[in-house]
Amino acid sequence: MYRPQESVVFSGHSVQAVLGPTNTGKTHLAIERMCTHRTGIIGLPLRLLAREVYARVCEKVGIDNVALVTGEEKIVPKGARYSVCTVEAMPRDAKVEFVAIDEVQLAGDFERGHIFTDRILNIRGIEETLLLGAATAAPILQKLLPGLSIITRPRMSHLAYAGSKKITRLPRRSAIVAFSADEVYAIAELIRRQRGGAAVVMGSLSPRTRNAQVELYQNGDVDYLVATDAIGMGLNLDVDHVAFAQTRKFDGHQFRDLNPAEMGQIAGRAGRHLRDGTFGVSGQVAPLDEELVERIETHQFAALSVLQWRTRNFDFSSIDALKASLDTLPKVQGLTRALPAVDQRALEFLLRDVSVVDICKSAKDVETLWETCSLPDYRKIAPAQHADIISSIYEDLIKTGHVNEDYMAQQVKRADRTDGEIDSISHRIAQIRTWTYVSNRPKWLADPLHWQEKTREIEDKLSDALHERLTKRFVDRRTSVLMKRLRENNEMDAEISAAGDVTVEGHHVGQLDGFRFTADTTAEGEDAKAIRAASAKALASEFETRAERFGAAPNGDLAISSDGTLRWLGTTVGTLTSGDDWLKPRLILLADEQLTGPAQDKVRARAERFIAFHIETHLKPLTDLQKADELSGIARGIAFRLIEDHGIVARRGIADEMKTLDQDGRAALRRYGVRFGFYHVFVPALLKPAPAGLLTLLWALSNDGKDKDGYGEIITLLASGRTSLVTDPSFDKEFYKLSGYRLLGPRAVRVDILERLADLIRPTVYWKPGTELPEGAYGDGRFVITPAMLSILGATAEDMEEVLKGLGYRHEPIDALTANQALEALKTQHGPKPAETAAEEPKAAEPASQTDDAAPEPKAEPQAEPEETPKPVLVWRQARFERAPNRGKPGEQRKGGKPSGDQKPRRKGKPGGKNSQPQNAKASPPRKEKPIDPDSPFAKLQALKQQLGK
């Protein structure tokens, strides 16, 4: 039976750890040290980095002396003394004089950490072993490897935080970091449009594509590099600034924020050797907080507390034994069992396949099964799909001893195409990498050399095609030429598109909006001067052409926005400001100095004509009143007040004028759309969103009102059809009036709705016994609130009370029973049919109801709940000094009368006198009328009316 080792003791007496931040020369030191030994091996975290180090070692000792071993390729010259490997490809028992393992802090990584841990603990050089990485690994390495020698190396250059900058404003020689292919491509596309182009580096690229892209950047064809965190693993690039366009990544298990140590590793790519570097954020990433910045600048990060671990002693005696060995727990403090990796997850899927389990009989079969599970998931497909590929390979290995040649040829052929765009070719590269890995596995193929050459050829061909597509999409060759010509002061061609984009030698240098040119702010120094000089030549003739087009533009092409901006087909042409007359604002043209002379005069004349047309169209009643020469005397004065007060005048404010206004003057004003209401004299046509919006704008121009609270807010509510609003105390009160509302207590009510309310109240106030009883009438000039009144205001009874108070009405509370009795009596005597009222007679408490299906159980008699005292009914009347309008005509009043809603009532008589009444006094029932003398003229007239009515 398999038994895991009970205890393990690791030693660090022959091991040296060289730790520190980026740019300390650790990898360079390892290469130099290895070359002093007769044999050696270096384990690196990425295939890309392995390729780079391989090239450097070849330069030092010759290509015949160096092997490159990764999962996907093996270059092993006969007699090679040095090996450069990925950590996964390092031999389990290296018999060489020198061993180095780079980026040892990755032993804490959830996905790959157990592989690094195994190499750190178990692989040793005969003479020298170096562990290279971040200082965060120092405490745990000392704990696990007693006797370990640690050397800490300082960074050779200074790293500083440069804050947040837009992607298009990043300095040259910048690397922008993101964590998804879509984001990398989007950023590269933006840089291509604005700055000429960018190279792209991602871990999923083949080494050939990656090297070609890096060459674009290194030789100066482009000044920007867009990359994933692959650049954080020791890739040596000429980078001055690192900008984080994302700070969240998928780590194989979940999306999470980068930790400070990871950000420090990536930011540290800025600045090489003795040249200082900077880092910052860009795009949608918020500025980094001070504590994080300090930790990155000083390279102070939380130490690793544990390393990920998985046993290396697999038990292949059976499938169950293999699974048990994978579940082995570490026996050493500081190690923690790793989560299931890709190979273990693939095994779990394969064991669900009965056909796989049936052929897995011997220990050798189990070992082969585990070996096939090590196939990497380059395509990042679903685990079940990945397991299907492994299953096919495994069945071939068990049944025939090698992968079926026809199956291999079929899979390789699928990837052997270079058509399509970036995503298609990237997918095929991931496919061929799978079969490149298969071809490099010992004894998996009958003719491995053939397939190694074939897959390498296809991968190189696809890599070249991908590089060509990336360059075509993300590098603007014309821009590269432009930048060189700028430095040489050569004359350049400028163009202006129909959309206003200004380009010089095909490079976007700014935007022409209307008659203003906004230069691209990414151009700096001498380059910016040259670009502006070239664009100025094209702009001179363009301004003349645009002035001609603008002068002939129809009104439909022009518009005035709510902030007073004049636009022409969406572009800004001018802005309005206050003038001597509020109905005639002044225009400020927004144009550059190139618009001068006749062209400028033509633009200004057309713009001013449209502004006048716009105002006359939306505020026609006011502009017509302003020009009304036939109005004279009092009518002329009232027209002036309407213009001055934006179309609404409180009737009480012109009470004296209204007394003397004759019928001709009244009729003349009505022809101009003026309405004489009970509370206001106003122009109904202006109580619409468009006129109200323009009125608000014109008032704001004259009163610096665009920055005041509530500007534009009430127009939106008006457009939604709101007849009354709950007022916002922070809003300027004038905005309510400009939108046609009157402030009454906590609500604002549209003035035309107030006039409709007056139409409902008036019959109740002037009702006389003997005529039909209007709804809400209480007699003696009094009334109660009705549902119809509440409905037109869209308000509650409490809101209505405040509105009526604001209009000058006064109320007296009357006991509900008394009030309802009085109302019923009035209905009985004078109403042809019952009318709804706001007051209802309180119902007596009813006994508990019983259902028809069940008889009540004999229980104790329930206690009757105390009856709630009904609220008193509010009975309203006009203020004492008010006089009824003559013959009840809307808006008219008898001589000497005043409008009811705008003055405070004055109490007549002394307190307790004849005309005073206690606040809580109950109203007496309606007074019985004396019988009419049948011989009187009034009785005969009444009889005649009744006869005619029949």
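Residues numbered from 1 in each chain as written. Predicted model: local features only at pLDDT ≥ 70, side-chain atom pairs only at ≥ 80, totals over all residues. Heavy atoms only, no water.

Engineer: Describe the overall build of the protein chain, and please don't skip the residues or the numbers.
Structural biologist: Helix and strand counts for the protein chain stand at 31 helices and 36 strands. Of all intrachain contacts in the protein chain linking residues separated by at least 6 positions in sequence, the fraction that spans at least 24 positions is 69%. Accessible surface for the protein chain amounts to roughly 47,900 Å². Of this, 50% is attributable to carbon and sulfur atoms. (Helix = DSSP H or I, 4+ residues; strand = E, 2+ residues; numbered from the N terminus. Contact = heavy atoms within 4.5 Å. Areas by Shrake-Rupley, 256 points an atom, 1.4 Å probe, with all protein chains shown as cover.)

Engineer: Go over the nonpolar core, please, and point to the residues and values.
Structural biologist: Proteins that are soluble and globular tend to have nonpolar side chains buried together. One finds L625, L631 and L669 to be the most contacted residues of the largest nonpolar core, which totals 70 residues. In terms of residue count, helix α24 (residues 689-703) provides more of this core than any other element does, eight residues in total. Discounting residues that sit within four places of it in the chain, L625 has contacts with L631, R636, A639, L642, I643, L669, Y672 and V674. In this structure, I191, A245, A415 and W451 belong to the second largest nonpolar core, which totals 62 residues. (Core = buried A, V, L, I, M, F, W, Y, C linked by side-chain atoms within 4.5 Å. Buried < 20%, exposed > 50% of the residue type's maximum accessible area, 1.4 Å probe, protein only.)

Engineer: Please give an account of helix α30 (residues 816-830) that cites residues and values.
Structural biologist: An ideal rise of 1.5 Å per residue puts 21 Å on 15 residues; α30 measures up with 21 Å between its terminal C-alpha atoms. The complete set of buried residues in α30 reads A816, A819, N820, A822, L823, L826, K827 and H830. Looking straight down α30, one finds that the buried residues subtend no more than 160° of arc, so they occupy a single side. Opposite the buried face of α30, at more than 90 degrees from it, the exposed residues are Q821, T828 and Q829. (Expected span 1.5 Å × (residues − 1). Arc of directions from axis to C-beta.)

Engineer: With reference to specific residues and values, describe the pairing of strand β10 (residues 174-177).
Structural biologist: By the alternation rule, side chains of β10 split into S174 and I176 and A175 and V177, which are all buried. Bridge count between β10 and strand β12 (residues 224-227): four bridges; the pairing is parallel. The residue bridging A175 from the neighbouring strand is L225, located in β12. Bridge analysis of β10 against strand β13 (residues 241-244) gives four bridges, and the strand direction is parallel. (Pairing = 2+ DSSP bridges.)

Engineer: Talk me through the packing of aromatic side chains; I want residue IDs and the actual numbers.
Structural biologist: Counted according to the given criterion, the structure contains 16 aromatic pairs. An angle of 90° between the planes, with centres 6.2 Å apart, marks the rings of F515 and F543 as edge-to-face. Pair noted here: F515 is in the loop between β21 (507-513) and β22 (516-519) and F543 is in helix α18 (residues 525-551), with a separation of 28 residues, a long-range link. In this structure, F515 and F543 share a single accessibility class: buried. (Phe/Tyr/Trp six-rings, centres within 6.5 Å; stacked < 30°, edge-to-face > 60°.)

Engineer: Quick one: what's the story with the pattern of salt bridges, residue by residue and with numbers?
Structural biologist: Counting across every chain of the model gives 46 salt bridges. Taking the shortest distance from any N to any O, the salt bridge between E262 and R256 comes out at 2.7 Å. Residue classification places R256 among the buried residues on the basis of a relative accessible area of 18%. Between E395 and K399 there is a salt bridge, with its nearest N and O atoms 3.9 Å apart. Note that E395 and K399 are positioned in helix α13 (residues 383-400) at a spacing of four residues, about one turn of the helix. (Salt bridge = Lys/Arg side-chain N within 4 Å of Asp/Glu carboxyl O.)

Engineer: Can you break down helix α9 (residues 319-326) residue by residue, with the values?
Structural biologist: Within α9, the full set of buried residues consists of I319, A321, L322, S325 and L326. Down the axis of α9, the buried set is contained in an arc of 160°. They therefore lie on one face. Residues of α9 that are buried sit in contact with β18 (335-337), α10 (342-350), α11 (354-359) and α12 (363-372).

Engineer: Can you tell me about the sheet that holds strand β27 (residues 648-650), naming the residues and giving the values?
Structural biologist: If you trace the three strands from one edge of the open sheet to the other, you get β27-β29-β28, paired in antiparallel fashion. Looking at the sheet topology across the chains shown, the edges are occupied by β27 and β28 (675-676). For β27 and strand β29 (residues 680-682), the ladder comprises three bridges, and the chain directions are antiparallel. Following the sheet pairing, I648 is matched in β29 by F682. This element, helix α27 (residues 751-765), spans β27, β28 and β29 of the sheet and lies at about 135° to β29. (Axes fitted to C-alpha atoms, helices over the stretch in contact; angles between N-to-C directions.)

Engineer: Before we move on, could you go through the packing of helix α15 (residues 422-439) against helix α16 (residues 448-474) and cite the residues and values that matter?
Structural biologist: Each pair of packed helices gets described by two things: the angle between the helix axes and the distance between those axes. Running from N to C, α15 and α16 cross one another at 160°; their axes reach a closest spacing of 9 Å. On the basis of their axis angle, the class for α15 and α16 is roughly antiparallel. Along this stretch, α15 crosses α16, giving a crossing that reads as left-handed. Residue composition of the contact of α15 with α16, by class: 13 nonpolar, six polar and five charged. (Parallel < 35°, antiparallel > 145°, perpendicular 65-115°, else oblique. Left-handed = near helix turned anticlockwise from the far one by under 90°. Nonpolar A, V, L, I, M, F, W, Y, C, P; charged D, E, K, R; others polar.)

Engineer: Give a description of the confidence of the model for the protein chain that names residues and reports values.
Structural biologist: Per-chain confidence: the protein chain averages 82 in pLDDT, with 83% of residues scoring 70 or above. Counting interchain partners and residues more than four positions distant, the pLDDT-below-50 stretch residues 834-862 has 21 contacts. Predicted confidence for residues 881-930 stays below pLDDT 50, and this span has 74 contacts to residues more than four positions away or in other chains. (pLDDT = per-residue confidence, 0-100.)

Engineer: Which residues make up the sheet that holds strand β9 (residues 159-164), and what values do they have?
Structural biologist: With respect to topology, six strands assemble into an open sheet ordered β9-β16-β13-β10-β12-β11, the strand pairing being parallel. Since the sheet does not close on itself, it has two edges, and those belong to β9 and β11 (199-201), each with one partner. Taking each pair of neighbouring strands and ignoring which way they run, the sheet shows an average axis angle of 25°. Bridging between β9 and strand β16 (residues 277-281) involves four bridges; their strand directions are parallel. Of the residues in β16, the one forming a bridge with A160 is T278. Contacts from helix α5 (residues 181-195) reach β10, β11 and β12 within the one sheet, and its direction differs from that of β12 by about 165°. Each of β10, β11 and β12 touches helix α6 (residues 207-218); the most contacted strand, β11, lies at about 140° to it.

Engineer: Residue-level account of the packing of helix α14 (residues 405-415) against α16, with values.
Structural biologist: Look at α14 against α16: their axes get within 10 Å of each other, and the N-to-C directions meet at 10°. Considering their axes alone, α14 and α16 lie roughly parallel with respect to each other. Of the residues in α16, those in contact with E405, M408, A409, V412 and A415 of α14 are W451, K454, T455, I458 and L462. A breakdown of the residues in the contact of α14 with α16 according to their chemical character gives seven nonpolar, one polar and two charged.

Engineer: Can you break down the side chain of T368 residue by residue, with the values?
Structural biologist: Tracing the backbone shows T368 in helix α12. Residue T368 is classed as buried on the basis of its relative accessible area, which comes to 15%. Contacts of T368, omitting those with residues within four sequence positions, involve Y394, L397 and I398.

Engineer: Describe a negative patch on the surface, listing the residues and the values that go with them.
Structural biologist: A cluster of acidic side chains, namely D289, E290, E291 and E294, defines a negative patch on the protein surface. With respect to the element layout, E291 can be found in helix α8 (residues 290-298). A relative accessible area of 55% means that E291 is categorised as exposed. (Patch = residues over 30% accessible without salt bridge, like charges linked within 9 Å, V, L, I, M, F, W, Y side chains within 5 Å. Lys, Arg positive; Asp, Glu negative; His and termini not counted. Charge placed at Lys NZ, Arg CZ, Asp CG, Glu CD.)

Engineer: Describe unusual backbone geometry, listing the residues and the values that go with them.
Structural biologist: With a phi close to 60°, R173 is a non-glycine residue in the positive phi region. Inspection of the secondary structure puts R173 in the loop between β9 and β10. We classify R173 as buried; its relative accessible area is 13%. In the Ramachandran plot, D704 falls in the positive-phi region, its phi being about 50° despite a non-glycine side chain. Relative to the helices and strands, D704 resides in the loop between α24 and α25 (713-719).

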